[in-house]
Amino acid sequence: LGGMKPVIVVHGGAGRIFKEREEGCRAGVVRAALQGYSVLKQGGSAVDAVEEAVRSMEDDPHFNAGCGSVLNEKGEVEMDAIIMDGKNLDSGAVSAVKCIANPIKLARLVMEKTKHMLLTDHGAHLFAQAMGIPEIPGEKLITERSRERWKKNLEPDSNPEEFQKDLGTVGAVAVDSEGNVACATSTGGLSNKLIGRVGDTACIGSGGYADNHSGATSTTGHGESIMKVVLARLIHYHMEQGMSPEVAADTALDYMKTRVGGLGGVIVVNKAGEWAARFSTKQMSWATVKDDNLHYGIYAGEEHIKSVDEALASEREGF
């Protein structure tokens, strides 16, 4: 193995996490971080680790990605995802994809099997078929909760913006033992969004960015605001100017808030393996593993620390 100590950081989305969902969100980000870390420990690449961590959260109905995604105005799931390799700046993304379980897997195939970086809707669907990705019925991705929320938002006096606060995009960043970095982000988007709306997640530099020269970032929050300031790349710019991940994240989030009134959250790791999980929303579920220690939290200032062994033991007992 190379000389770097591997690090993974994951987020399960910034926004407002309802009390009855807290435990599930905490358990979900912890599970994702442990799975990504185990890939890194076995000598896997940063790209493998972030894909694995995000896949784990796409499969978890607590998060607005994969199964559990919110519904668009027509009551359908349309998902966006991106993955990026910091070694050569290769990236793959998909937008407005339906009827597949793991958009992040498709994004990775776009990166590795095409000369393109972003495939959308019908074209992404044809590519998925060509790659042998199984199609699943759209209903399989829809949870009771997403449908309830969609119905509520259709009521004449409803305010979908109220619900946008519980966003739940998922993401991961990692440094592997070779010192390579990667990021991955996946989302169901905004509840009751217009058909064909694509937010920040699929856009390189907004939903995520990874460059071995600086580090890796994955974002969550109000997509349109994130796109206006190109949030992930902005954080990298600040790190290139010598800021720590934490200061870079806070500076960029603060700019997004003052300049366009947008709230969100980010996870960042720099090339030295220093990490940060920062947010301007009320909450963001996050977890990280470094030096065989797991750190996780949801509220500002909240940080639990456990050894990985202890965490894996309680995982097996069902958290």
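Numbering of residues starts from 1 in every chain and runs along the sequence as written. The predicted nature of this model means local features are confined to residues of pLDDT at least 70 and side-chain atom pairs, given and counted, to a pLDDT of 80 or more, with totals for whole chains, interfaces and linings taken over all residues. Side-chain descriptors were evaluated using all non-hydrogen atoms of the structure, hydrogens and water having been removed beforehand.

- Going by what an unreviewed UniProt entry lists, the protein is known as Isoaspartyl peptidase/L-asparaginase and is assigned to Hylia prasina.
- UniProt positions are given in the numbering used here, feature names are shortened, and annotations may be inferred rather than shown by experiment. The record held by UniProt for the protein lists under Sequence similarities (unreviewed entry) the comment "Belongs to the Ntn-hydrolase family."

**Quick word on the nonpolar core**
- Here, nonpolar core means buried Ala, Val, Leu, Ile, Met, Phe, Trp, Tyr and Cys residues that are tied together by side-chain atoms lying within 4.5 Å of each other. Residue burial is assigned from relative accessible area. The probe radius is 1.4 Å, only protein chains are included, and a residue is buried under 20% of its type maximum, exposed over 50%, and partly exposed in between. Ranked by internal contacts, the top residues of the largest apolar core, which has 56 residues, are Ile-8, Val-10, Ile-83, Leu-106, Ala-287 and Val-289.
- Secondary structure elements are defined from DSSP: runs of H or I of at least 4 residues count as helices, runs of E of at least 2 residues count as strands, and each element is numbered from the N terminus. Broken down by element, this core gets its largest block of residues, 9 residues, from helix H1 (residues 22-41).
- Residues Met-84, Val-181, Tyr-209 and Ala-210 belong to the second largest nonpolar core, which totals 18 residues.

**Things to note about a nonpolar patch on the surface**
- Patch membership requires more than 30% relative accessible area and the absence of a salt bridge. Residues of like charge join within 9 Å; the nonpolar side chains Val, Leu, Ile, Met, Phe, Trp and Tyr join within 5 Å. Note that accessible areas follow from Shrake-Rupley with a 1.4 Å probe, and for residues the cover is restricted to the protein chains shown. Salt bridge, as applied in this entry: a Lys or Arg side-chain nitrogen positioned within 4 Å of an Asp or Glu carboxyl oxygen. A contiguous nonpolar patch, built from Met-117, Leu-118 and Ile-204 and spanning about 250 Å² of accessible area, is present on the exposed surface.
- Counting through the fold element by element, Met-117 comes out in the loop between helix H3 (103-113) and strand E4 (118-120).
- Overall, Met-117 belongs to the partly exposed group, its relative accessible area being 39%.

**Some points on the UniProt feature "binding site: substrate" (unreviewed entry) in the protein**
- Taken from the UniProt record, the annotation "binding site: substrate" (unreviewed entry) applies to Arg-197, Val-198, Gly-199, Asp-200, Thr-220, Gly-221, His-222 and Gly-223.
- Mapped onto the fold, His-222 is located in the loop between strand E8 (215-221) and helix H7 (223-229).
- Here Gly-223 is to be found in helix H7.
- Relative accessible area serves as the criterion here: at 2%, Gly-223 is assigned to the buried category.
- In what follows, residue pairs with any heavy atoms lying within 4.5 Å of each other are defined as contacts. Every residue in contact with Gly-223, bar those within four places of it in the chain, is listed here: Arg-197 and Asp-200.

**Section: the packing of aromatic side chains**
- Pairing of aromatic side chains here covers Phe, Tyr and the six-membered ring of Trp, requires ring centres within 6.5 Å, and sorts the geometry by plane angle: under 30 degrees stacked, over 60 edge-to-face, intermediate tilted. Per the counting criterion, the structure on display carries 1 aromatic pair.
- Ring geometry for Trp-275 and Trp-286: centres 5.5 Å apart, planes at 40°, overall tilted. A residue pair is termed long-range when its members are at least 10 positions apart, and Trp-275 in strand E10 (residues 275-279) and Trp-286 in strand E11 (residues 283-290) qualify at 11 residues.

**Focus: the packing of H1 against helix H2 (residues 46-58)**
- Structural elements are reduced to axes, namely lines fitted to C-alpha atoms, with helices fitted over the stretch in contact, and the angle between N-to-C directions of any two is expressed from 0 to 180 degrees. The interhelical angle for the contact between H1 and H2, taken along N-to-C directions, is 155°, at an axis separation of 8 Å. Regarding the angle of H1 to H2, the classification is roughly antiparallel. Crossing of H1 over H2 shows right-handed handedness. On H2, the residues that touch Gly-28, Val-29, Arg-31, Ala-32, Gln-35, Gly-36, Val-39 and Leu-40 of H1 are Ala-46, Asp-48, Ala-49, Glu-52, Ala-53, Arg-55, Ser-56 and Met-57.
- When residues are grouped by polarity, Ala, Val, Leu, Ile, Met, Phe, Trp, Tyr, Cys and Pro land in nonpolar, Asp, Glu, Lys and Arg in charged, and all others, Gly among them, in polar. Residues of the contact of H1 with H2, tallied by class, amount to 8 nonpolar, 4 polar and 4 charged. The cut-offs work like this: below 35 degrees is roughly parallel, past 145 is roughly antiparallel, 65 to 115 is roughly perpendicular, and the gaps in between are oblique. It is the rotation of the near helix from the far one that decides the hand of a crossing: anticlockwise by less than a right angle makes it left-handed, clockwise makes it right-handed.

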